[in-house]
Amino acid sequence: KQTDNQLIIDAGQKQFGATTCGSCGMLYSTDSPEDNFQHTQFHQRFLDTIKFVGWKKERVVAEFWDGKIILVLPEDPKYATKKAEDVRRIADSELGFQQITLSSPSSAKTYLFINSDRMVVGCLVAENIRQAFRVLEQPEKPKDINKEDFMERHRAWCCSTVPEKAICGVSRIWVFSLMRRKSIATRLLDTVRNTFMYGSHLTKEEIAFSDPTPEGKLFATKYCDT
Ligand code: ACO
Ligand code: ZN
């Protein structure tokens, strides 16, 4: 379903020679020297960061036909924690987070989805929490405002003031742009619920998303409903 807004954006992209790189997913203008330079700068660094060579000891917590999920804990060897941190940085820069510190680094568990091409295509950081504030439902998008205004307005989510009991806080969830809508985020979250607390299965209510982006909220709403 294309809106008028979308058509204008597409026309603009054609005019400026915009393309999405098929390997790193960056959207840039092939006509612009600065864009080409930025892409060259980004491309190899990104692919190196998500490249996964395999480790002597891997904590595999789930396996699928198209990949696996490994868990990295703060006390793991440097090569593992460094990879987790590098991937988290990529996610952070895409999310526009400035600082890269976690609220409780010592309890942070990082789940990485590795695909069959040996690339880290998904990352989820989960932390111990005790309470959370529910994000209140937002009204539907009114007809007379454009998408950018709507997204901007909805970045400030309305939260309830009543704390609710939660156990696991998801402070980051990120999937490589070229691999989205393949249930990678869903599988990461399902795996968190099964493995976050030893010997118990967490309900959807016991998981909280911190400060979700509009995309994160669309995903979380869908995930929690089903
Ligand atoms: N728009 C609408 N619905 C969506 C979207 C979207 N962009 N993304 C997911 N959904 C819904 C869909 O109903 C989808 O099911 P469907 O594909 O059968 O229709 C369902 O959620 C499950 O989606 P997944 O395939 O499991 O999600 P995906 O692997 O694509 O990852 C994510 C979703 C993590 C939000 C991804 O789009 C992403 O990395 N975005 C950029 C980073 C970001 O914004 N992360 C969330 C930040 S919030 C936080 O970290 C706490
Ligand atoms: Zn590229």
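Residues numbered from 1 in each chain as written. Chains lettered and ligands numbered in written order. Predicted model: local features only at pLDDT ≥ 70, side-chain atom pairs only at ≥ 80, totals over all residues. Heavy atoms only, no water.

Re the coordination of the zinc ion (ligand 2)
Basically, it comes down to this: Coordinating donors are taken to be N, O and S atoms lying within 2.8 Å of the metal, or within 3.2 Å when the metal is Na, K or Ca; because water is excluded from the atom set, some sites may appear incomplete. Labels for metal geometry use angle windows, namely 85 to 135 degrees for all angles of a four-donor tetrahedral site, and for square planar (four donors) or octahedral (six donors) sites opposite donors over 155 degrees apart plus all others within 65 to 115; sites meeting none of these are irregular. Only protein chains enter the accessibility calculation, which uses a 1.4 Å probe; a residue is then buried when its area is under 20% of its type maximum, exposed when over 50%, and partly exposed in between.
For the zinc ion (ligand 2), the protein coordination sphere consists of Cys21 (SG), Cys24 (SG), His39 (NE2) and His43 (ND1), at 1.9 to 2.3 Å. In this structure, the zinc ion (ligand 2) is surrounded by four donor atoms whose angles at the metal cover 104 to 116°, and the resulting shape is tetrahedral. Sequence positions of the donors to the zinc ion (ligand 2) reduce to the motif C-x2-C-x14-H-x3-H. Residue classification places Cys21 among the buried residues on the basis of a relative accessible area of 11%.

Considerations on the pairing of strand 5 (residues 109-115)
The condition that has to hold: Comment: elements are numbered from the N terminus, with helices defined as DSSP H or I runs of at least four residues and strands as E runs of at least two. The pairing criterion is simple: DSSP has to find at least two bridges between the two strands.
Most of strand 5 sits inside the fold, with seven of its seven residues counted as buried. As defined by bridge partners, strand 4 (residues 67-72) adjoins strand 5 across six bridges and the pair is classed as antiparallel. The partner of Lys68 across the bridge, within strand 5, is Ile114. In this structure, strand 5 lies alongside strand 6 (residues 120-128), joined through six bridges in antiparallel fashion. Following the sheet pairing, Leu112 is matched in strand 6 by Cys123. Linkage of strand 5 to strand 6, two consecutive antiparallel strands, is achieved through a turn of four residues, within which Arg118 is found at a positive phi near 60°.

Some details on the site of ligand 1
Note the threshold: Proximity is defined per residue: any heavy atom of the residue falling within 4 Å of a molecule or strand makes that residue near it. In the analysis that follows, any N or O atom pair within 3.5 Å is treated as a polar contact, provided that within protein one partner can donate a hydrogen and the other can accept it, and provided that, for residues neighboring in sequence, both atoms belong to side chains.
With respect to spatial proximity, 22 residues lie near ligand 1, and among them Ile173, Val175, Arg181, Thr186 and Thr213 are the closest. Arg180 is positioned with one of its side-chain polar atoms (N or O) 3.5 Å from an oxygen atom of ligand 1. Within the contact set of ligand 1, a nitrogen atom lies 2.9 Å away from a side-chain nitrogen or oxygen of Glu215. Here the shell around ligand 1 takes six residues from strand 9 (residues 168-175), the largest share from any one element.

Points about the packing of helix 2 (residues 33-50) against helix 3 (residues 78-95)
Packed helices, taken two at a time, are described by the angle between their axes plus the distance between the axes. Applied cut-off: The axes used here are C-alpha line fits, helices contributing only the stretch in contact, and every angle between their N-to-C directions lies in the interval 0 to 180 degrees. Oblique is the label for any angle not covered by the other classes, which are roughly parallel (under 35 degrees), roughly antiparallel (over 145) and roughly perpendicular (65 to 115). Left-handed describes a crossing whose near helix is turned anticlockwise from the far helix through less than a right angle; right-handed describes the clockwise counterpart. In what follows, residue pairs with any heavy atoms lying within 4.5 Å of each other are defined as contacts. Throughout this entry, Asp, Glu, Lys and Arg are counted as charged residues, while Ala, Val, Leu, Ile, Met, Phe, Trp, Tyr, Cys and Pro are counted as nonpolar. The remaining residues, Gly among them, count as polar.
Between helix 2 and helix 3, the shortest axis-to-axis distance is 9 Å and the interhelical angle comes to 135°. Between helix 2 and helix 3, the angle falls in the class oblique. Considering how the two elements wind past one another, helix 2 and helix 3 form a crossing that is left-handed. Mapping the contact onto sequence places Phe46, Asp48, Thr49 and Ile50 in helix 2 and Lys83, Asp86, Val87 and Ile90 in helix 3. Taken together, the residues of the contact of helix 2 with helix 3 sort by class into four nonpolar, one polar and three charged.

With respect to the sheet that holds strand 4
Strand order in the open sheet formed by six strands is 3-4-5-6-9-10, and the pairing between neighbours is mixed. Sheet topology places strand 3 (60-64) and strand 10 (207-209) at the edges, where each strand pairs with a single neighbour. Across the sheet, the mean angle from the axis of one strand to that of its neighbour is 25°, orientation sign disregarded. Pairing of strand 9 with strand 10 involves three bridges; the strand directions are parallel. Residue pairing in the sheet places Cys168 in a bridge with Ile207 of strand 10.

Details of the side chain of Arg193
If you trace the backbone, Arg193 turns up in helix 5 (residues 184-195). Not counting residues up to four positions away in its chain, the partners in contact with Arg193 are Ser200, His201, Leu202, Thr203, Lys204, Ile207 and Tyr223.

Remarks on helix 3
Note the cut-off: A helix's residues, less one, multiplied by 1.5 Å, set its expected span.
Counted at 1.5 Å a residue, the expected span for helix 3 with its 18 residues is 26 Å, and the 25 Å between its end C-alpha atoms agrees. Elements that come into contact with the buried residues of helix 3 comprise helix 2, strand 4, strand 5, strand 6 and strand 9.

Some details on the nonpolar core
The following threshold applies: In these notes, a set of buried Ala, Val, Leu, Ile, Met, Phe, Trp, Tyr and Cys residues joined through side-chain atoms within 4.5 Å is what counts as a nonpolar core.
Grouped together as the largest cluster of nonpolar side chains are 51 residues, with contacts concentrated most on Ile50, Tyr111, Leu112 and Trp174. Of all the elements, strand 6 adds the most residues to this core, at six residues. When sequence neighbours within four positions are dropped, the list of residues in contact with Ile50 reads Ile90, Arg118, Met119, Val120, Trp174 and Phe176.

Quick notes on the pattern of salt bridges
What counts is decided by this rule: Within this document, salt bridges are pairs made up of a side-chain nitrogen of Lys or Arg and a carboxyl oxygen of Asp or Glu, the two lying within 4 Å of each other.
Under the criterion given, the structure shown has ten salt bridges. Where Asp66 meets Arg187, a salt bridge forms, and the shortest distance between an N and an O atom there is 2.8 Å. Taken as a pair, Asp66 in the loop between strand 3 and strand 4 and Arg187 in helix 5 lie far apart in primary sequence, 121 residues in all. Neither Asp66 nor Arg187 differs from the other in exposure class; each is buried. Here the salt bridges do not stand alone but share partners, grouping Lys82, Glu85, Asp86 and Arg89 into one network.

None of this, on its own, says anything about what the molecule does.
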